[in-house]
Amino acid sequence: MAISFEGQVALVTGAGAGLGRAYAMDLAARGAKVVVNDLGGDPHGVGENRAAAQKVVDEIKAAGGEATPNYDSVADYDGGFNMVKTAIDAYGRLDVVICNAGILRDIAFHNMSEDDWDKVFAVHIKGSFTVLRAAWPVFRQQSYGRVVLTTSSSGIYGQFGQANYGAAKTSMLGLMNVLKQEGAKYNVNVNTVAPVAGTRLTQTVMPQEMIDRLKPELVAPAVVYMVSKECQDSGLIIEAGAGNFNRAAIVKGPGLQPGMADAMSAEWCQENWGKITSLEGAEPMWRTGQTSRTTWRRRRRPDRPRPGQPRREGGTHCLPLLFLGRAVGFAGMERERLPAMDDYFMGIAMAVRERANCKGQRVGALIVRDKRILATGYNGTPSDMDNCLDGGCFRCDNRDGQFQPGTAYDICICVHAEQNAVLSAARFGTPTEGATIYTTTRPCFGCTKELLQAKVISVNFIHDWTHPDDEFMRQYRLIQARFTGGIRQVAIDDPRAAWARAGRVLPGETGHRIP
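> Hey, could you run me through the overall build of the chain in this one?
Within the chain, the regular secondary structure consists of 16 helices and 18 strands. Taking as baseline every contact in the chain between residues at least 6 positions apart, the subset at least 24 positions apart corresponds to 68%. Accessible surface, the chain as shown: approximately 25300 Å² in total, 52% of it carbon and sulfur.

> Explanation requested: the side chain of Gln162 in the structure shown.
As for its position among the elements, Gln162 is in the loop between helix H5 (153-156) and helix H6 (163-184). By relative accessible area, Gln162 is classed as buried at 8%. Here Asp106 takes part through its side chain, which lies 3.0 Å from a polar atom of the side chain of Gln162. Ignoring anything within four residues of it in the chain, the contact list for Gln162 reads Leu104, Asp106, Ser154 and Ala167.

> It is not clear to me how helix H1 (residues 18-29) should be interpreted in this structure. Could you clarify?
Spacing of three or four residues puts side chains on the same side of an α-helix, whose turn is 3.6 residues. Over its 12 residues, H1 runs 17 Å from end to end, which matches the ideal 16 Å to within 8%, given 1.5 Å per residue. What H1 keeps buried is the set Leu19, Gly20, Ala22, Tyr23, Ala24, Leu27 and Ala28. Those residues of H1 that are buried are in contact with strand S1 (9-12), strand S2 (33-37), helix H2 (51-62), strand S4 (96-98), strand S6 (188-195) and helix H8 (220-226). Once H1 finishes, Gly31 follows within two positions and takes phi at roughly 105°, a positive value.

> Can you walk me through the packing of H1 against H2 in this structure?
A pair of packed helices can be characterised by two numbers: the angle between their axes and the separation between those axes. The contact between H1 and H2 brings their axes to 10 Å, and the two run at 25°. Judged on the interaxial angle alone, H2 and H1 are roughly parallel. Helix-helix and strand crossings are classified by hand; for H1 and H2 the assignment is right-handed. Counting all contacts with H1, which are made through Arg21, Ala24, Met25 and Ala28, the residues of H2 involved are Val56, Glu59 and Ile60. Of the residues belonging to the contact of H1 with H2, the class tally is 5 nonpolar, no polar and 2 charged.

> Can you help me understand the pattern of salt bridges in this one?
Pairing between side chains of opposite charge can happen when their charged atoms approach one another. Following the criterion strictly, the structure yields 13 salt bridges and no others. Between Lys85 and Asp89 there is a salt bridge, with the nearest N and O atoms lying 2.7 Å from each other. Residue Lys85 and its partner Asp89 are located together in helix H3 (residues 77-91), separated by 4 residues, close to a single helical turn. Notably, a salt bridge pairs Asp115 with Lys119, separated by 3.4 Å at the nearest N-O pair.

> Would you take a moment to explain the side chain of Gln8 for this structure?
Structurally, Gln8 can be placed in the segment before S1. For Gln8, the residues in contact, after removing those within four places along its chain, are Gly31, Ala32, Lys33, Asp95, Val96, Tyr144 and Lys229.

> I tried to follow the sheet that holds strand S16 (residues 458-463) on my own but got confused; where do I start?
In any sheet, the strands associate via hydrogen bonds between backbone groups, in a parallel or an antiparallel arrangement. An order of S14-S13-S15-S16-S17 is seen for the 5 strands of this open sheet, with the pairing classed as mixed. Every other strand in the sheet has two partners, leaving strand S14 (372-378) and strand S17 (486-489) as the edge strands with one partner each. Pairwise comparison of adjacent strand axes, ignoring direction, gives a mean angle of 15° for this sheet. Alignment of strand S13 (residues 364-369) against strand S15 (residues 436-441), held across 4 bridges, turns out to be antiparallel. Across the sheet, Ala365 pairs through a bridge with Thr439, a residue of S15. Packing against the sheet, helix H13 (residues 417-427) makes contact with S13, S14 and S15, and its axis sits at approximately 130° to S14.

> Looking at this model, I keep getting lost on the pairing of strand S5 (residues 145-150). Mind explaining?
The two faces of a sheet get side chains in turn, since along a regular strand they alternate between them. In terms of residue burial, S5 counts as a mostly covered element, since 6 of its 6 residues are buried. Side chains Gly145, Val147 and Leu149 of S5 all project onto a buried face; the interleaved residues Arg146, Val148 and Thr150 project onto the opposite face, where all are buried too.

> What am I meant to see in helix H4 (residues 114-142) here?
Here H4 is 29 residues long and its end C-alpha atoms lie 41 Å apart, about the 42 Å a rise of 1.5 Å per residue gives. Within H4, the axis deviates most sharply at Ala122, by approximately 40°. Phi for Ser143, located one or two positions after H4, is positive at around 55°.

> So what exactly am I meant to see when it comes to the sheet that holds S1 here?
What the 8 strands build is an open sheet, ordered S3-S2-S1-S4-S5-S6-S7-S8; its pairing is mixed. Looking at which strands have only one partner, the edges of the open sheet turn out to be strand S3 (66-70) and strand S8 (244-248). Neighbouring strand axes in the sheet, compared pairwise and without regard to direction, differ in orientation by 20° on average. In terms of strand pairing, S5 meets S6 through 6 bridges, oriented parallel. Its bridge partner being in S6, Gly145 is matched across the sheet by Val188. Sheet strands touched by H1: S1, S2, S4 and S6. Its angle to S1, the strand with the most contacts, is close to 170°.

> Honestly, unusual backbone geometry in this entry has me stumped. Any pointers?
Only a minority of non-glycine residues have a phi that is not negative, and only a minority of peptide bonds are not trans. Its identity is not glycine, yet Asn187 carries a phi of approximately 60°, on the positive side. Mapped onto the fold, Asn187 is located in the loop between H6 and S6. With phi around 65°, Lys455 is a residue other than glycine that occupies positive phi space. Its relative accessible area of 49% is what places Lys455 among the partly exposed residues.

> What exactly am I supposed to notice about the packing of aromatic side chains here?
Aromatic ring pairs are described here by two measures, namely the spacing of the ring centres and the angle between the planes. Across all of its chains, the model carries 5 aromatic pairs by this definition. Ring geometry for Tyr77 versus Phe129: centroids 5.9 Å apart, planes at 35°, classification tilted. Of this pair, Tyr77 sits in helix H3 while Phe129 sits in helix H4, and the two are 52 residues apart along the sequence. Residue Phe129 is classed as partly exposed on the basis of its relative accessible area of 42%.

Criteria and cut-off values
- Residues numbered from 1 in each chain as written.
- Predicted model: local features only at pLDDT ≥ 70, side-chain atom pairs only at ≥ 80, totals over all residues.
- Heavy atoms only, no water.
- Helix = DSSP H or I, 4+ residues; strand = E, 2+ residues; numbered from the N terminus.
- Contact = heavy atoms within 4.5 Å.
- Areas by Shrake-Rupley, 256 points an atom, 1.4 Å probe, with all protein chains shown as cover.
- Buried < 20%, exposed > 50% of the residue type's maximum accessible area, 1.4 Å probe, protein only.
- Polar contact = N/O pair within 3.5 Å; in protein donor to acceptor, adjacent residues only side chain to side chain.
- Expected span 1.5 Å × (residues − 1).
- Axes fitted to C-alpha atoms, helices over the stretch in contact; angles between N-to-C directions.
- Parallel < 35°, antiparallel > 145°, perpendicular 65-115°, else oblique.
- Left-handed = near helix turned anticlockwise from the far one by under 90°.
- Nonpolar A, V, L, I, M, F, W, Y, C, P; charged D, E, K, R; others polar.
- Salt bridge = Lys/Arg side-chain N within 4 Å of Asp/Glu carboxyl O.
- Pairing = 2+ DSSP bridges.
- Bend = angle between axes of the 7 residues up to and from the residue.
- Phe/Tyr/Trp six-rings, centres within 6.5 Å; stacked < 30°, edge-to-face > 60°.

Right under this line is the structure:
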């Protein structure tokens, strides 16, 4: 099936010649409106000339396409913003970004100057940051984006005399590996190309005969496919050029896992070096601690909704992790609006809650510090025990004859989400001092004390509860006031609220009443 970019807008940096031009021409021929960026400097990053970008724009228009030039430097933060603004002002949207701009300053490491290092990093690394930082909010808002970064065999494998260029190009892989995760839930795919082509840059390191044969048009097919809506892969490194297309990958070998019970020595490593360094059975990684068996494409099963689609009732997938926060009033609390990052974490707490196996109130929680999730927890009992779903809880089992089965919820008796989160952090030796807990229901008296003992400083929760004993509630408020970072109830869309509160305590019953 023909790949079309009708109705889409693409931004290509360094598109005044070579690879960038080839990408821009192919995209425009397939219906994309293209922002052609090029400062017009020489291969070493010196000077500027608007003729390069304008020439490609003229070529695209002469062929019946639509294009707009941009002459900003990718190394300038405002320049990256202006490129995205050019796309929005001219065409009203932005779907594709290809970070292609680059320079070379090849020199042996012992002769390399600070300027040689800084200029290369400014164009390749900062230049990718400036453009993508401006484009990222657009991609998030429209729940769609395609990005291709540019690496090199010098970065993947190494090349003498290119320490600055090789290091900058390897950095692209780190940027891709992070952005592929941050963009996944917004349908933003990020891949990287390692091209081999005859361009102004490679003229300094290749013979002319090879330059003539290695046409940029031989690389363009891989890049154009990766930025199409048809490509659902993210986080891939594709080597392309000279009639060759293949994947490169950073892999992790099986290694050895002797555990932490006994201290290992350098001699132990020497003895087992062959097994430690073996790549037999090695696998690519999707992220730290997770192999590519669960990549973005594979994790999204056919029954999982696309961004913006509602959750399928009865499904087993997690809730979407993006929720909109808004100001909320609460007695004795300051009105606040949750920042977007807090919305994100609270959304994860709701997703964690899906694992709760209590027949009564279901709760999910996670502990966060410095924007990192330290631990998660949900209420219920371990899978190897009689749990709530099996009627193991003496409250839900109605053993005392006082409560209706599955409807009673006493958070001073049930296993708690916040408590499990604290225990999980402790189990792995993760300090929780100075952390914040996000929980779908206000922590109980006991959990509050445990959180304070764990030196958690603030609490964000969605659903509140009351207790019929006024003195109990007075003492409870006093102890919760000890959170130095405050405790906030937040208003967030909770589409599973009814399910989570299916077992709320009925009026007149002992225990906590869930509104």
